[in-house]
Amino acid sequence: MPTVSEIKGARANAGIRWLVPAKVAVFIAMLFPLARLVVLGMTGGLGANPIEFITRSTGLWTLVYLCITLAITPVRRMTGITALARFRRMIGLYAFFFAVLHFTTYIWFDKWFDVAAMLKDIGKRPFITVGFAAFVLLIPLAVTSPKAIARKLGRCWQTLHRAIYLIAALAILHFWWMKAGKHDFELPKIYGSIVIVLLGWRVIAWLRTRATRRRA
Ligand code: HEM
């Protein structure tokens with residue numbers, strides 16, 4: 001007869017066995033937007049303004065990955081699939097990776113590494129100001145993402161990583177302001193609603209926990 005700890009161990013191993021290929025699959029799938037850009041670049045499919053195409057594509061994928069990262073905890077709590085938490089760090093780092101690509105396209109092909117021109121742009125164009133703020137705020141989250149650092153920081157890590165909500169809000173503002181000139185708010189409205197729902201869920205969850213603690 002297997003002991004309880006043996007059964008638990010076997011279950012954990014079965015979980016890990018399923019988790020590793022799933023993580024590899026997600027890792028590869030999330031490279032798709034980059035692979036698409038490379039293929040389009042090699043086949044002349046980036047349109048009349050390739051820099052604009054790349055900037056917009058990397059910006060949009062940064063936002064998509066940010067939203068997926070934010071959605072993991074609510075979906076995990078609602079479905080009870082705890083293993084989803086194991087994907088959060090990887091997807092968050094993908095959001096940062098695409099933000100780096102987005103920013104690099106801007107500073108390289110738009111500003112030709114002219115830092116003074118970039119700072120002038122940040123001061124002059126509000127949509128660039130908030131985009132830059134979102135990017136700068138993402139850096140400490142990416143740097144502190146390794147498990148060893150998270151363990152060292154303890155509760156401070158959780159407080160720091162709550163900045164993801166502010167980053168998402170700034171990203172929506174960036175997107176909204178960018179589209180304001182063209183009066184094209186369809187996509188910013190969709191992504192804005194997603195972020196509001198995810199933020200609202202978080203606030204409700206926090207209020208419920210506080211009420212339960214008070215009662216206890
Ligand atoms: C977390 C950080 C950021 C996110 C989530 C983000 C997201 C986006 C999104 C969604 C778009 C519009 C894509 C579309 O049209 O479909 C965009 C465009 C753009 N972003 Fe960002 N962005 C970020 C940071 C930055 C930074 C740091 C800069 C530069 C300093 C920047 C510069 C631009 C520019 C120049 C455009 C294109 C404007 C145009 O084509 O007229 N973004 N970004």
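Residues numbered from 1 in each chain as written. Predicted model: local features only at pLDDT ≥ 70, side-chain atom pairs only at ≥ 80, totals over all residues. Heavy atoms only, no water.

## Structural notes on the overall build of the protein
Formally: A run of DSSP states H or I qualifies as a helix once it reaches four residues; a run of E qualifies as a strand once it reaches two. Both are numbered from the N-terminal end. We call a residue buried when its accessible area falls under 20% of the maximum for its residue type, exposed when it is over 50%, and partly exposed in between, using a 1.4 Å probe and counting protein chains only. Here a residue-residue contact requires only that any non-hydrogen atoms of the pair lie within 4.5 Å. Areas reported as accessible are Shrake-Rupley estimates using a 1.4 Å probe. Residue values count occlusion only from the protein chains shown. Counted as positive: Lys and Arg. Counted as negative: Asp and Glu. His and the chain ends are not counted at all. To locate a charge, the coordinates of NZ of Lys, CZ of Arg, CG of Asp or CD of Glu are taken.
A tally of helices and strands in the protein yields ten helices and zero strands. Shown N-terminal to C-terminal, the secondary structure of the protein runs as helices and strands in the order α-α-α-α-α-α-α-α-α-α. A principal-axis box enclosing the C-alpha atoms of the protein has dimensions of 70 × 45 × 35 Å. Counting over 216 residues, the protein shows a buried share of 30%. The long-range share in the protein, meaning contacts at least 24 apart out of those at least 6 apart in sequence, stands at 64%. Surface accessibility of the protein: about 13800 Å² in total, with carbon and sulfur atoms responsible for 69%. Each charge class in the protein was averaged separately, 29 positive and 7 negative side chains, and the resulting centres sit 18 Å apart.

## Observations regarding the side chain of S145
With respect to the helices and strands, S145 occurs in the loop between helix 6 (126-143) and helix 7 (147-153). Leave out the neighbours within four places in its chain, and S145 touches R89 and L93.

## Thoughts on the environment of W157
Position of W157 relative to the elements: it lies in helix 8 (residues 155-161). The sequence separation of W157 and T144 amounts to 13 residues, and the corresponding C-alpha distance is 7.7 Å. Setting aside residues up to four positions removed in sequence, W157 forms contacts with T144 and A150.

## Topic: the site of the ligand
For clarity, the threshold we go by: Neighbouring residues are identified by heavy atoms, a residue being near a molecule or strand if any of them is within 4 Å of it. A 3.5 Å cut-off defines polar contacts: any pair of N or O atoms within that distance qualifies, except that in protein one atom must be a possible hydrogen donor and the other a possible acceptor, and neighbouring residues in sequence count only when both atoms are side-chain atoms. A 1.4 Å probe that fits but cannot get out identifies a cavity on a 1 Å grid over protein atoms alone, an open set with protein on both sides within 12 Å along at least five of seven lines counts as a pocket, and a residue lines either if it has an atom within 4 Å of a point. Being in a pocket or cavity means that more than half of the molecule's atoms lie within 2 Å of its grid points.
The environment of the ligand is made up of 22 residues, and the closest members are R56, G59, H102, H174 and K179. Side-chain polar atom of H102 to a nitrogen atom of the ligand: 2.8 Å apart, as the coordinates give it. Take K179: an N or O atom from its side chain is 3.3 Å from an oxygen atom of the ligand. The site holding the ligand turns out to be the second largest pocket.

## Thoughts on the packing of aromatic side chains
The cut-off we apply is this: In this analysis, rings of Phe, Tyr and Trp, with Trp reduced to its six-membered ring, are considered paired at centre separations within 6.5 Å, and the interplanar angle assigns stacked below 30 degrees, edge-to-face beyond 60, and tilted for intermediate values.
Taken as a whole, this structure holds 16 aromatic pairs when the rule is applied. Ring geometry for W108 versus F113: centroids 5.8 Å apart, planes at 35°, classification tilted. Ring centres of F175 and Y191 lie 6.3 Å apart, and the angle between their planes is 50°; this geometry places the pair in the tilted category. With F175 in helix 9 (residues 163-180) and Y191 in helix 10 (residues 186-215), this pair connects stretches of sequence that are 16 residues apart. Exposure class is identical for F175 and Y191. Each is buried. Members of the aromatic cluster, each reached through a chain of ring pairs, are F27, W61, Y65, Y94, F97 and F98.

## Notes on the coordination of the iron atom of the ligand
Counted only if it meets this: Each metal's donors are the N, O and S atoms within 2.8 Å of it, or within 3.2 Å when it is Na, K or Ca, and because water is not part of the set, sites may look incomplete. Any coordination sphere not matching a tetrahedral pattern (four donors, all angles between 85 and 135 degrees) or a square planar or octahedral pattern (four or six donors, opposite donors over 155 degrees apart, other angles between 65 and 115) is reported as irregular.
Surrounding the iron atom of the ligand are the protein donor atoms H102 (NE2) and H174 (NE2), at 2.0 Å. The coordination sphere of the iron atom of the ligand comprises six donor atoms, whose angles at the metal cover 87 to 179°; the geometry is octahedral. Of the two residues, H102 is situated in helix 4 (residues 85-110) and H174 in helix 9; the sequence distance between them amounts to 72 residues. The buried category is assigned to H174, whose relative accessible area is 18%.

## Examining the packing of helix 5 (residues 115-124) against helix 6
This is how the line gets drawn: Note on geometry: axes are lines fitted to C-alpha atoms, helical ones only across the stretch in contact, with angles between N-to-C directions running from 0 to 180 degrees. Reported orientations rely on four angle classes, namely roughly parallel under 35 degrees, roughly antiparallel over 145, roughly perpendicular from 65 to 115, and oblique for the rest. Gly is placed with the polar residues, together with every amino acid not listed as nonpolar (Ala, Val, Leu, Ile, Met, Phe, Trp, Tyr, Cys and Pro) or charged (Asp, Glu, Lys and Arg).
The geometry of helix 5 relative to helix 6 is characterised by a closest axis approach of 5 Å and an angle of 110° between their N-to-C directions. Looking at the two axes, helix 5 sits roughly perpendicular to helix 6. Only P126, I128, T129 and F132 of helix 6 make contact with helix 5, whose side of the interface consists of M118, D121, I122 and K124. Looking at the contact of helix 5 with helix 6 residue by residue, the class counts come to five nonpolar, one polar and two charged.

## Notes on helix 10
Using the following cut-off: To estimate the expected span of a helix, count its residues, drop one, and scale the result by 1.5 Å.
End to end, helix 10 covers 44 Å across 30 residues, agreeing with the expected 44 Å (1.5 Å per residue, within 8%). When we look at burial in helix 10, the residues that qualify are P188, Y191, G192, V195, L198 and A205. In the core, the buried residues of helix 10 are packed alongside helix 3 (50-79) and helix 9.

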